[in-house]
Amino acid sequence: MTTESPQPGARRSTTQGAAVREALLAGEGFRSAQDVYATLRAGGHKIGLSTVYRHLQSFTEQGLADAIHNADGETTYRYCGDNAGHHHHHLVCRGCGRAEEVQGRAVERWAGEIAEKFGYIDVDHTVEVFGTCADCARR
Ligand SMILES: [Zn+2]
Ligand SMILES: [Zn+2]
Ligand SMILES: [Zn+2]
């Protein structure tokens, strides 16, 4: 055990944020905070689960990561490469957690139509499609 040298709070937080991002990037599909936390601990990072949650939440708020509820109702995260900050949907494998980034033009149109019909503004929606990917189906 080594003793941690004191560091300024901000710098330490940035370092941990980078570690969380890396751990998230290391996985292919959506991953739970627990999962990311386990990866970081296995890599020797001294980080708490609540810190991992905080960073994942802030990535999501900044539009850098997607958060979706998986089939078990657990919140899972993925770093959202090129689509970061753009509205899109996911086709998610229940087996391995991999996900395709997809557009849902029919959904966008439909959401706009019902909002207009009922006079709602500032509408938002969450639509994720779950299934079994071709690789998992073959197993
Ligand atoms: Zn995405
Ligand atoms: Zn799969
Ligand atoms: Zn949409």
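Look above for the structure.
Figured I'd write up the structure that's included with this text. Sequence order sets the numbering: in each chain, residues are counted from 1 along the sequence as written. In the order they appear in the text, chains get letters beginning with A and ligands get numbers beginning with 1. A pLDDT threshold of at least 70 governs which residues receive local features in this predicted model, and a stricter bar of 80 or more applies before side-chain atom pairs are shown or counted, although totals over entire chains, interfaces and linings include all residues. For side-chain calculations, the full set of non-hydrogen atoms in the structure is used, while hydrogens and water are omitted.

Quick look at the overall build of the chain now. Helix and strand assignments follow DSSP, with helices taken as H or I runs no shorter than four residues and strands as E runs no shorter than two, numbered in order from the N terminus. Within the chain, the regular secondary structure consists of 5 helices and 6 strands. Counting helices and strands in the order they occur from the N terminus, the chain gives α-β-α-α-β-β-β-β-α-β-α. Throughout, exposure labels follow a simple rule: accessible area from a 1.4 Å probe, protein chains only, divided by the maximum for the residue type, with under 20% read as buried, over 50% as exposed, and the rest as partly exposed. Residues counted as buried form 29% of the 139 residues belonging to the chain. Within the chain, contacts between residues at least 6 apart in sequence are counted, and of these 48% link residues at least 24 apart. By element, 50% of the accessible surface of the chain is carried by carbon and sulfur atoms, the whole surface being about 9,400 Å². Throughout, a contact is declared for two residues whenever any of their heavy atoms are within 4.5 Å. To measure how exposed things are, a 1.4 Å probe is used in the Shrake-Rupley method; for residues, cover is taken only from the protein chains shown.

At their nearest, the axes of helix α2 (residues 33-42) and helix α3 (residues 49-61) sit 9 Å apart, and the two run at 120° to each other. Classed by the angle they form, the pair α2 and α3 counts as oblique. α2 and α3 meet at a crossing whose hand is right-handed. In this structure, α2 uses A33, Q34, V36, Y37 and L40 to contact α3, whose residues at the interface are L49, V52, Y53 and L56. Amino acids are sorted into nonpolar (Ala, Val, Leu, Ile, Met, Phe, Trp, Tyr, Cys and Pro), charged (Asp, Glu, Lys and Arg) and polar (every other residue, Gly among them). Taken together, the residues of the contact of α2 with α3 sort by class into 8 nonpolar, 1 polar and no charged. What counts as an axis is a line fitted to C-alpha atoms, over the stretch in contact for a helix, and the angles between N-to-C directions run from 0 to 180 degrees. Geometric relationships in this document are graded by angle, where less than 35 degrees denotes roughly parallel, more than 145 denotes roughly antiparallel, 65 to 115 denotes roughly perpendicular, and other angles denote oblique. In a left-handed crossing the near helix is turned counterclockwise from the far helix by less than a right angle, and in a right-handed crossing that turn is clockwise.

Here we take up the packing of aromatic side chains. Classification of ring pairs uses Phe, Tyr and Trp, with its six-membered ring standing for Trp, and accepts pairs whose centres are within 6.5 Å; under 30 degrees between planes counts as stacked, over 60 as edge-to-face, and the remaining range as tilted. Under the counting rule described, the total for this entry stands at 1 aromatic pair. Between F59 and Y79, the aromatic rings sit 5.8 Å apart at their centres with planes inclined by 90°, giving edge-to-face as the arrangement. Of the two residues, F59 sits in helix α3 while Y79 sits in strand β3 (residues 75-79), which places them 20 residues apart along the sequence.

Below, the discussion takes up the coordination of the zinc ion (ligand 2). Coordinating donors are taken to be N, O and S atoms lying within 2.8 Å of the metal, or within 3.2 Å when the metal is Na, K or Ca; because water is excluded from the atom set, some sites may appear incomplete. Coordination of the zinc ion (ligand 2) by the protein comes from C93 (SG), C96 (SG), C133 (SG) and C136 (SG), over a distance range of 2.3 to 2.4 Å. All geometry calls rest on donor angles, where a four-donor set with angles between 85 and 135 degrees is tetrahedral, four- and six-donor sets with opposite donors more than 155 degrees apart and all others between 65 and 115 are square planar and octahedral, and all else is irregular. In this structure, the zinc ion (ligand 2) is surrounded by 4 donor atoms whose angles at the metal cover 106 to 115°, and the resulting shape is tetrahedral. Of note, the zinc ion (ligand 2) draws all its donor residues from one chain, in the sequence arrangement C-x2-C-x36-C-x2-C. Here C133 lies in the loop between β6 (128-131) and α5 (134-138) and C93 lies in strand β4 (residues 89-93), a separation of 40 residues in the sequence.

Here the focus is the side chain of H89. By the secondary structure assignment, H89 is in strand β4. One polar contact links H89 to H87, side chain to side chain, over a distance of 3.4 Å. Here the side chain of H89 touches H125 through a polar contact of 3.3 Å, side chain to side chain. If we ignore the near neighbours within four places in the chain, the residues touching H89 are E100, E101, V102, G104, V107, E108, H125, V127 and E128. Contacts described as polar in this section are N or O atom pairs within 3.5 Å, which, within protein, must combine one atom able to donate a hydrogen with one able to accept it, while residues neighboring in sequence count only if both atoms come from side chains.

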